[in-house]
Structure formats: C-alpha cells, structure tokens
Amino acid sequence: MSDKPWQDAIPVADLESGWVTRVTVGRRPVAVYDTPSGLYASLALCNHGGADLCDGYFDGHVIECPLHQGAFDVRDGKPVAAPATKPMRVLELRVRDDMVQVRF
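These lines cover the structure that appears in this document, whether it is placed above or below. (Residues numbered from 1 in each chain as written. Predicted model: local features only at pLDDT ≥ 70, side-chain atom pairs only at ≥ 80, totals over all residues. Heavy atoms only, no water.)

As for the overall build of the chain
Each helix and strand in the chain was counted, giving 0 helices and 10 strands. In the chain, the succession of helices and strands from N to C terminus is β-β-β-β-β-β-β-β-β-β. At 13 Å, the chain has a C-alpha radius of gyration in line with the 13 Å of a compact globule built from 104 residues. For the C-alpha atoms alone, the extent of the chain along its principal axes is close to 40 × 30 × 20 Å. Counting across all 104 residues of the chain, residues that qualify as buried make up 38%. Nonlocal contacts in the chain, meaning residues at least 24 apart in sequence, comprise 41% of its contacts between residues at least 6 apart. (Helix = DSSP H or I, 4+ residues; strand = E, 2+ residues; numbered from the N terminus. Rg over C-alpha atoms; globule rule 2.2 N^0.38 Å. Buried < 20%, exposed > 50% of the residue type's maximum accessible area, 1.4 Å probe, protein only. Contact = heavy atoms within 4.5 Å.)

Points about a positive patch on the surface
Taken together, Lys 4, Arg 27, Arg 28 and Arg 89 make up a surface patch of like positive charges. Following the sequence through the fold, Arg 27 ends up in the loop between strand E2 (20-25) and strand E3 (28-35). (Patch = residues over 30% accessible without salt bridge, like charges linked within 9 Å, V, L, I, M, F, W, Y side chains within 5 Å. Areas by Shrake-Rupley, 256 points an atom, 1.4 Å probe, with all protein chains shown as cover. Salt bridge = Lys/Arg side-chain N within 4 Å of Asp/Glu carboxyl O. Lys, Arg positive; Asp, Glu negative; His and termini not counted. Charge placed at Lys NZ, Arg CZ, Asp CG, Glu CD.)

Brief notes about the pattern of salt bridges
Throughout the structure, instances matching the rule amount to 3 salt bridges. As a salt-bridge pair, Asp 52 and Arg 22 come within 2.5 Å of each other at their nearest N and O atoms. Here the residue Asp 52 occupies a position in the loop between strand E4 (38-43) and strand E5 (57-59), and Arg 22 occupies one in strand E2, the gap between them amounting to 30 residues. We note a salt bridge from Glu 92 to Arg 103, for which the minimum N-O separation is 3.2 Å. On the criterion of sequence distance, the pair formed by Glu 92 in strand E9 (residues 90-96) and Arg 103 in strand E10 (residues 99-103) is long-range, its members being 11 residues apart.

Brief notes about the pairing of E2
Relative to E3, E2 runs antiparallel, the two sharing 6 bridges. Bridging across to E3, Thr 21 finds its partner in Val 32. If you look at the hairpin formed by E2 and E3, you'll find 2 residues sitting between the two strands, and Gly 26 has a positive phi there, around 65°. (Pairing = 2+ DSSP bridges.)

Observations concerning unusual backbone geometry
Looking along the chain, the bond that leaves Ala 82 and enters Pro 83 is cis, with omega of 10°. Position of Pro 83 among the secondary structure elements: in the loop between strand E8 (79-81) and E9. The backbone phi angle of Asp 98 is positive, close to 65°, even though this residue is not glycine. Within the secondary structure, Asp 98 is located in the loop between E9 and E10.

Considering the sheet that holds strand E1 (residues 7-11)
Taken together, 6 strands build an open sheet; the order of strands is E1-E10-E9-E4-E3-E2 and the sheet is antiparallel. Taken across any chain shown, the strands that pair with only one partner, and hence form the sheet edges, are E1 and E2. Direction aside, the axes of adjacent strands within the sheet are offset by 35° on average. Pairing of E4 with E9 involves 2 bridges; the strand directions are antiparallel. Among the inter-strand pairings, Ser 42 is bridged to a residue of E9, identified as Val 90. (Axes fitted to C-alpha atoms, helices over the stretch in contact; angles between N-to-C directions.)

This is the structure we're talking about:
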C-alpha cells in the first residue's frame, strides 16, 4: 500500500461510458478506462512511442496505441500485442464521493 496521497482525477459522471477518458492530474496526463469489470487508470502516454493512448482504439480491457498499434491490458498494464514489450504504468484508482481518484 502506497503512502502517497490520493488525487482527484474526474467526476464519475464525466467519464466516457465504455471508453477511455483523458484527464490531467497535476501536470500528468492520465487515461481512465471504463471497462466491463470496472474503472482502471494508467499514464496516458505510451511507453513505446510516446503517443497519447486516449487517441487509440479501446476494446473491453485492451488499449491499442494509435502510433504503432502495440496494445496493453489496462487491468495490469501487460503488453498483449507487439511492438509493445514493456508494461505500461498503471495507477491505483478508487472512487470516493462520486469522484475518481488516482495515486501515483
């Protein structure tokens, strides 16, 4: 368990249902994913080519980078399609008082 503080990201009502929503938390771009099994979050920039994952194709639990089509499972960050080989950074997420919060 991290001792870093929770930070407000976005009201739940403002999320794109069944899709990925880009938010800025502090100065960091964050992707919040609304999946069939719940909400997940990651850093928004792909670790392979630096593209904004929020511009990529999202299906269920998989986000595909718009630059090279590498794909990641948003639940744990693991790469599921080349050329991605390194896991993306996922963030802890919780919902408090109808606000999505993340912890880096």
